[in-house]
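# Chain and residue survey
Given next are the chains, with one letter for each unit.
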Amino acid sequence: MTKNKRKFLTNFLTLGLLIASPPLVLAQLTTGTLSGTVTDATRAVLPGVTVTVRNADTGLVRTLITDAQGRYEAPNLPVGNYRVSAELAGFRTAIRSGIRLTVGRHAVVDLVLEIGELAEQLTVIGEAPLLETASATVSSLVDERRVTELPLNNRDLTQLAYLQPGVIKVPRRPGGTFASQGMGDTITVAGAREVQNIYMLDGIVSGDLSGNAQGAMGAYVGAETVQEFQVITNNYSAEYRSQVGAIVSAVTKSGTNELRGSLFWFHRNDNLDAANFFDNAFHRPKPEFKRNQFGGSLGGPIVRDRTFFFTSYEGLRERLGTTSSARVPSVEARQGILPGRRPGDPPRVVPVAPVVKPYLDLYPVPGQGNAIVGDLGDGTVRIAGLHRQPTNGDFFVVKIDHRFGTERGGSLSATYNFDVSDLSRHTLLGDDVSGDRRESDRHIVSLKHTSIWSPTLLNELHFGYSFTQPTDNIPLSTRDFGQLVFIPNRKLIGQINPGQGISSIGFRLVEEPFEQRVFTIWDGLSWTRGNHSMRMGVELNPIRYRQFRCAAGCNGIYEFRSLEDFLRAQPNRFEAALPGGRPERHLSQFLFGAYFQDNWAVRRAVTLNLGLRYEFVTVPKEREGLTSNLRNLTDTDITIGPMYTNATLKSFSPRVGFAWAPGSRKTSLRGGFGIFYDHPMFFHFLSAIQALPPFAVTGRLEALDAQRAGTTLRFPDAFTTQLDLLRAQPTIRAPQYELATTYGYRWSLTLQRQVATDWVVSAGYTGSRFLHLWVQTRTDLNRWEGWPAQPSGRKFFPEGAIRIFPAWGDLRIQFSKGNAFHHGLILSAQKRFSRGFDAQLNYSYSKTIDEGSALTSGGFEASQRSVYSSFDSHLERGLAGFD
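Every chain's residues receive numbers from 1 upward, in the order its sequence appears when written. A pLDDT threshold of at least 70 governs which residues receive local features in this predicted model, and a stricter bar of 80 or more applies before side-chain atom pairs are shown or counted, although totals over entire chains, interfaces and linings include all residues. The side-chain values count all of the structure's non-hydrogen atoms but skip hydrogen atoms and water molecules.

## Here we look at the nonpolar core
Quick reminder of the rule: Within this scheme, the nonpolar core is defined by two criteria: the residues are buried Ala, Val, Leu, Ile, Met, Phe, Trp, Tyr or Cys, and they are joined through side-chain atoms within 4.5 Å. The rule is simple: take the accessible area with a 1.4 Å probe, protein chains only, and divide by the maximum for that residue type; under 20% is buried, over 50% is exposed, in between is partly exposed. Where helices and strands are cited, they refer to DSSP runs of H or I of at least four residues and of E of at least two residues respectively, numbered from the N terminus. The contact criterion used throughout is that any non-hydrogen atoms of two residues lie within 4.5 Å.
Core analysis: the biggest nonpolar cluster contains 43 residues, and Tyr359, Phe481, Phe486, Ile496, Phe574 and Phe715 have the highest contact counts within it. Among the secondary structure elements, those contributing two or more residues to this core are β19 (307–329), α6 (357–360), β23 (380–403), α7 (563–568), β31 (573–577) and α9 (718–721). Once residues within four sequence positions are removed from consideration, Phe481 is found in contact with Leu362, Asp432, Val433, Lys491, Leu492, Ile493 and Phe507. Counting residues in hydrophobic clusters, the runner-up holds 32 residues, among them Tyr545, Val619, Ile638 and Ile732.

This is the structure we're talking about:
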């Protein structure tokens, strides 16, 4: 038995002993809890009271008996409106109605019984207090009223998440987004990166490969479908999957005993829009813009109090025109006439190589169908014009809820959702030589069965299936370029980067579909015993991936240093995928999670949240064994086998929290601490899987390397005439083989005070510390200059330096070397909806430093210093033979 297998077996048996006694439990991801204490008029607790919890919309009933401390608890209740009643011989029946239970909420409803006849009733209408007195979880709710009534541009629910305290918007990267990476704006919380969040719909992961849920249309849709969603930002219980970022858990609407429906149509166009800066700067008319969003919903009873249905549809048709600019060769430069090297020098005549002429003609001629908005004086001009960006989307949901017979008969809920969208990006350079389309296809199936075995024992079984297929780089061009292609048997021209800031033309890659299939099995129970509310559970996630991706340079990439070099057909670099590659992969991973959570009411004023979760994920396995990696930087060959070592087998995640609500329970102090993990998943190695020899080889030949070999780099036929040189310099993009566990410490402290019936103010501090975050090197690590280090201590890898490891060309590695920390202050005030008005006021002040992310100011340089320093021992060995 290997060392890793022994570790896994030990950890698994340890957790098995922890949860072996009671049955398994499902996390409360889509439901809420009602609990409280029943007392008499003297505030003495009353055991043996019959408490009935009833859903006012569907007739669901849960009957409970108070324990020796007068406590009751009804866990895992569907969201909705509830009424709670308490009955005991010798006392009047107490009824509390108007209670709104929301996703993830633990509502505390205390009842007081007065002496009298049982037939007498005392009814109080009023919500449970806003104050959180039972959990340390830091979260915020976007309820149905906000979802349906707040204005949303593009009906994007992500905009409502931005309004929550501690949530920061991460704008979409212009021109750098892909369907496989999320096309819309995202969020970051408590210092986590935007790809470290998880989106869930009815308890099933609904995100794409990167964890985002926007689809190709760039919006988190479902405003007509989603009843409410919760954004959990810190110290969530062990019921939830270990995640260093936020958990966004949405619940779809359900049918009720009343037949209800809706229809909507929103239209927006450019008639009332002002011209933007670029329209005015380029003296262009406003581009056309039309957006139509339409749909509706219908829900109601199939069998009253027993079976319900809900269905909805949302559609988007958008036709967006955009004023854009491009930098292209001037009319004179196309004839080989370039400006003098210095001001006042006469123009230079550069012979245009015959092989370059057909490619030069692919560029639009300045002034023909476009506007010249600036002569840059170096043989290039900037042109401006309109390009189109049409978007289409369809979102559909159907949901069935059924309750079996009596109260103990249990219930069944089934949901099916599909979400398809596409976005085409036509460019100013023309569809023939640029422009592509992004598509996304998502299907989610959720099936949940709930069994009530006793008033204190509830079991759930949850099956789920999630299918996502984002597709990138679908060329809009239908042209067959014939003899202009860089690689034989291709129809598309490769990419040309002429240098000097000139816009690129051509198609770097081919159509890239990515499939992800996630199967989910959850099983378990909620068990209330005395003043302990326990949840224990297990989660099984078999995951399947299919990827078709040609390595970088699938159609070939030529780079030039300047326009003059381009005209002379003197490239600086050529990169291409070499023959023999296997562009399709079928991979699998398995994620296992189990947990134990005890919410222990030590006293009426004090609750402890004690939890432990264990998770691990397997290393991706390819169906035909098509995985490999570079085990050490000094290796001269790739090793076929696992891509990396499994660092997740010790991923125990303790969660500790407390809630203290003394006296009248109008003030609460809550705090907690937890350890969370960012497991290595397929998304982290999206590029590396398809870029590693021997199953995929990318050759990269530079002019300097060709010169050292006694020849020159050819254009445009380097692939066919210099294939041996290309094979001698394979490009390596790989993860570090000996991975470290990526994890984070997170903690919080929150003080809340109820200042009026419907007002709560709070002040909170959240902190986090993340270790071994992913760092992607952006520089070729196979070059060195200034050895030993320069006086400044900085080391760098300039172009043209001698290769440290001669067996490889461009060398870029993913390391688990980044670190980050976050400190944040949050002040907020919230008023519950009453008398036609509600309010939420938030103020956040925070500081985050991510030493492994180029998106954070200063983070790129810090991450490079970290990575370079980790290379010192390897580089010393590699440089031993150089002067």
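## Concerning empty space enclosed by the protein
Heads up, the rule is: Both site types are read off a 1 Å grid over the protein atoms alone. A 1.4 Å probe that fits but cannot get out defines a cavity, while an open set with protein on both sides within 12 Å along at least five of seven lines defines a pocket; lining residues have an atom within 4 Å of a point. Grid points are joined across faces, edges and corners, and a volume is the space filled by probe spheres set on the points. Side-chain classes are defined by residue name, with Ala, Val, Leu, Ile, Met, Phe, Trp, Tyr, Cys and Pro counting as nonpolar, Asp, Glu, Lys and Arg as charged, and the others, Gly among them, as polar.
Throughout the structure, instances matching the rule amount to ten cavities of 30 Å³ or more. Quantified by volume, the largest cavity comes out at close to 440 Å³. Lining the largest cavity are 25 residues, with Leu209, Gly211, Arg241, Gln243 and Met681 positioned closest to its centre. At the level of elements, β28 (512–529) and β29 (532–548) are the ones that each hand at least two residues to the lining of the largest cavity. Residue contributions to the lining of the largest cavity peak at three residues, all from β29. In terms of residue class, the lining of the largest cavity is built from eleven nonpolar, eleven polar and three charged.

## With respect to the side chain of Ser768
To keep it simple, the criterion reads: Each polar contact in these results corresponds to two N or O atoms within 3.5 Å; when the atoms are within protein, one needs to be able to donate a hydrogen and the other to accept it, and residues that are neighboring in sequence are counted only if both atoms are side-chain atoms.
Tracing the chain through its elements places Ser768 in strand β42 (residues 759–776). The class of Ser768 is buried, set by a relative accessible area of 1%. Reaching out from Ser768, the side chain makes a polar contact with the backbone oxygen of Ala190 at a distance of 2.6 Å. Not counting the four nearest positions on each side in its chain, Ser768 is found in contact with Ala190, Tyr745, Arg746, Trp747, Ala820, Phe821 and His822.

## Topic: the sheet that holds strand β13 (residues 198–201)
Let me state the cut-off plainly: Note on pairing: two strands pair once DSSP finds at least 2 bridges between them.
Read across the open sheet, the five strands follow the order β10-β15-β16-β13-β14; overall the sheet is mixed. The open sheet is flanked by β10 (138–142) and β14 (204–205), the only strands paired with a single partner. Here β13 pairs with β14 via two bridges, running antiparallel. Among the inter-strand pairings, Leu201 is bridged to a residue of β14, identified as Ile204.

## Describing a nonpolar patch on the surface
Where we set the bar: The residues that make up patches have over 30% relative accessible area and no salt bridge, and they are joined within 9 Å when like-charged or within 5 Å when they are Val, Leu, Ile, Met, Phe, Trp or Tyr. Using a 1.4 Å probe, the Shrake-Rupley method yields the accessible areas, and only the shown protein chains count as cover for residues. One speaks of a salt bridge when a side-chain nitrogen belonging to Lys or Arg is within 4 Å of a carboxyl oxygen belonging to Asp or Glu.
On the surface, a cluster of nonpolar side chains totalling about 420 Å² of accessible area is made up of Leu825, Leu827, Tyr843 and Tyr845. Relative to the elements of secondary structure, Tyr843 occurs in strand β44 (residues 837–850). Judged by relative accessible area, Tyr843 falls into the partly exposed class, the value being 46%.

## With respect to the pairing of strand β32 (residues 584–601)
Burial of β32 is extensive: 13 of the 18 residues sit out of reach of the surface. Alignment of β29 against β32, held across 17 bridges, turns out to be antiparallel. By the bridge assignment for β32, Pro542 is matched with Phe590. Across two bridges, β32 lies against strand β34 (residues 621–622) in antiparallel orientation. In the sheet register, Leu587 faces β34, and the bridge partner there is Glu622. In sequence, β32 turns back onto strand β33 (residues 606–617) through a hairpin of four residues.

## Comments concerning the pattern of salt bridges
Within the structure shown, the criterion is met by 39 salt bridges. One salt-bridge network, held together by shared partners, links Arg241, Glu539, Arg613 and Glu615.

## Points about the environment of Gly672
Structurally, Gly672 is set in strand β38 (residues 667–677). As for Gly672 and Val138, which are separated by 534 residues in sequence, their C-alpha atoms are 9.3 Å apart. Sequence-distant contacts of Gly672, defined by excluding residues within four places in its chain, comprise Ala136, Asn235, Val656, Gly657, Arg746, Trp747 and Ser748.

## Details of unusual backbone geometry
In this structure, Pro694 follows Pro693 across a cis peptide bond, with omega equal to 0°. Examined against the element boundaries, Pro694 turns out to sit in the loop between β38 and β39 (698–702). Going from Phe715 to Pro716, the amide bond is cis rather than trans, its omega being 0°. With respect to the helices and strands, Pro716 occurs in the loop between α8 (703–708) and α9. The backbone of Arg155 shows a phi angle near 50°, a positive value even though the residue is not glycine. Position of Arg155 relative to the elements: it lies in the loop between α2 (144–149) and α3 (158–162). The phi dihedral of Arg665 is positive, around 60°, even though this residue is not glycine. When you line up the elements, Arg665 lands in the loop between β37 (652–660) and β38.

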